[in-house]
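# Geometric and topological summary
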Amino acid sequence: MVLLVAGPAWRRRHPAAWWLCVGFPAAALRVVRTWRPLMAACGLAQSRKAALAVVSGLVTSGGPPPNPRVPGRGRTHPKAGGFWFLVRLLPGQVPEDFVKAAPAMAHDWEMHAVRVTTERPGVVRVSATFADPLRHPSVPRQRDPGRLLRVVVGVLESGGAWAIDLRQVPHWLVVGATRSGKSTLINALVSGLAPQRVALVGIDCKGGMELSLFGQRLSALATDRAEAIRLLNALVRMARERMEHCRSAGVRTLWGLPEEERPVPVVVIVDEIAELFLVANRMEKDDAQSVATALVRLAQLGAALGIFLIVAGQRVGSDLGPGVTALRSQLGGRVCHRVTDSGTAEMALGDLHRDALHAAQSIAPDVPGTAVLACGGGWERARSHLVSEREAQAIANEYRHLTPDLPQLHDDTP
Ligand SMILES: Nc1ncnc2c1ncn2[C@@H]1O[C@H](COP(=O)(O)OP(=O)(O)O)[C@@H](O)[C@H]1O
Ligand SMILES: [Mg+2]
């Protein structure tokens, strides 16, 4: 009775203690109660007689009542705002079967989300979170200059800082529908990079509406396709010169050069990639082809030579042509905001983590800035810090004296 009255207030004031004492035991009980029917309903139970999946509603007539075998479940462990346990798969089952069942588990256990990951062969880890930690992120935004080419742009679902570190993952593909948070992420990134000794270059073929805000801090900005082609070719030439420089100095990457000789790192930000690839006629097709070739070349050479790519787009599907798929395979880091077409999510995450697709497609419109991140190893949900255009513009202006002069980028030879 006391709990009924004081419960909600307790939960609001001390969510962690509430979860441990009330929420978690109740959820653990629900797991125990629902495990067997849930496994059967999801087709994950096996008949003891034959290796036949028992589908809900299927009852064999006659004989003893069926008592199907269900996957073994380990002890339920509490964690901040959720719980986890391990499950041993039955013969013939694969982790993907459990990934597909995750939404049903979340529903039956009244949890916000359930994530299934492979622990080791034959064993998966099922972890559930009670509420979306990204709805009200608690980690404050901090403005620190940070390590070169590393920027904290938001918070991770696990509670840590979401840092984009270009020296670790040099090239990124950022996708999301309109108002899903792409520009805000670019704002956060530019605000973090502006105080560092780096050159920023923009390609924004929507007439430069977005990136021209940072004009004072950009070493070059292209606002239409023709300019973009010239700029990209100049960047490829720059990469080649740097390669020559490294070779004659006998080092394999830019970072091997002595500091006073080392050219400045260049971060190339491309907003709305589709504008570069959409074609209406044959001539445009050639243009799109040269853009794709230059971007892929830049990505291949760039990382070792201090040239980094951030490519953002609203709709990035395979319908934009083979160039996009070729480019995507060079962009190792992926950020997928809320998307409206499955093709874009597929393009951003499909080749790395198929199980992240569902997480990306279930991002709600009322939590802009929420995204699924993937780069090689695993995937994670995160939310960017809200950095407004005005704020980002002010920071870019404040550090305009750091804008490196790169005359070779304005060289017009094709
Ligand atoms: N991380 C965030 N936290 C809170 N609100 C956000 C966040 N990211 C975006 N928003 C809100 O959503 C709006 C649209 O975001 P924006 O970055 O302009 O989207 P896009 O560039 O994808 O169209 C922003 O004006 C802001 O109000
Ligand atoms: Mg935008």
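Here we summarise the structure given alongside this text. (Residues numbered from 1 in each chain as written. Chains lettered and ligands numbered in written order. Predicted model: local features only at pLDDT ≥ 70, side-chain atom pairs only at ≥ 80, totals over all residues. Heavy atoms only, no water.)

## Observations regarding the site of ligand 1
Applied cut-off: Residues are classed as near a molecule or strand on a simple rule: at least one heavy atom within 4 Å of it. Whenever a nitrogen or oxygen atom comes within 3.5 Å of another N or O atom, the pair is scored as a polar contact, on the condition that within protein one atom can donate a hydrogen and the other can accept it, and that pairs from neighbouring residues in sequence are kept only if both atoms are in side chains. A 1.4 Å probe and the Shrake-Rupley method give the accessible areas. Residues count as covered only by the protein chains that appear here. Strands here mean DSSP runs of E at least two residues long; helices mean DSSP runs of H or I at least four residues long; both are numbered from the N terminus. As a working rule, the residues Ala, Val, Leu, Ile, Met, Phe, Trp, Tyr, Cys and Pro are called nonpolar, Asp, Glu, Lys and Arg charged, and the rest polar, with Gly in that last group.
Near ligand 1, the surroundings consist of 14 residues, among which R179, K182, S183, T184 and S384 are the closest. Here an oxygen atom of ligand 1 and a backbone polar atom of G181 are 3.1 Å apart. Between ligand 1 and the protein, one listed contact pairs a nitrogen atom with a backbone N or O atom of S384 at 2.6 Å. Alone, ligand 1 offers 550 Å² of accessible surface; in the complex the protein occludes 76% of this. Those elements giving two or more residues to the shell around ligand 1 turn out to be α4 (182-193) and β15 (379-384). At three residues, the largest contribution of residues to the shell around ligand 1 is made by α4. For the shell around ligand 1, a count of residues per class yields three nonpolar, eight polar and three charged.

## Quick word on the side chain of Q196
For clarity, the cut-off: For the exposure calls, accessible area comes from a 1.4 Å probe over protein chains only, and a residue counts as buried if that area is under 20% of its type's maximum, exposed if over 50%, partly exposed in between.
With respect to the helices, strands and loops of the structure, Q196 is situated in the loop between α4 and β9 (199-204). For Q196, a relative accessible area of 5% corresponds to the buried category. At 3.4 Å, the side chain of Q196 and the backbone oxygen of R147 are in polar contact.

## A closer look at the sheet that holds strand β7 (residues 161-165)
The following threshold applies: Note: two strands are recorded as paired if DSSP finds a minimum of 2 bridges between them. Axes here mean lines fitted to C-alpha atoms, for a helix over just the part in contact, with angles spanning 0 to 180 degrees between N-to-C directions. A contact between two residues is defined here by any heavy atoms of the two lying within 4.5 Å.
As summarised here, the arrangement of the ten strands in space is β7-β6-β15-β14-β13-β8-β12-β11-β9-β10, forming an open sheet in which the pairing is mixed. The sheet is open, and its two borders are formed by β7 and β10 (218-222), each paired with just one other strand. Averaged over neighbouring strand pairs, the angle between their axes works out to 25 degrees when direction is ignored. Packed onto the sheet, α4 meets β6 (150-156), β7, β8 (171-175), β9, β11 (266-271), β12 (307-313), β13 (333-336) and β15 and runs at close to 140 degrees relative to β6.

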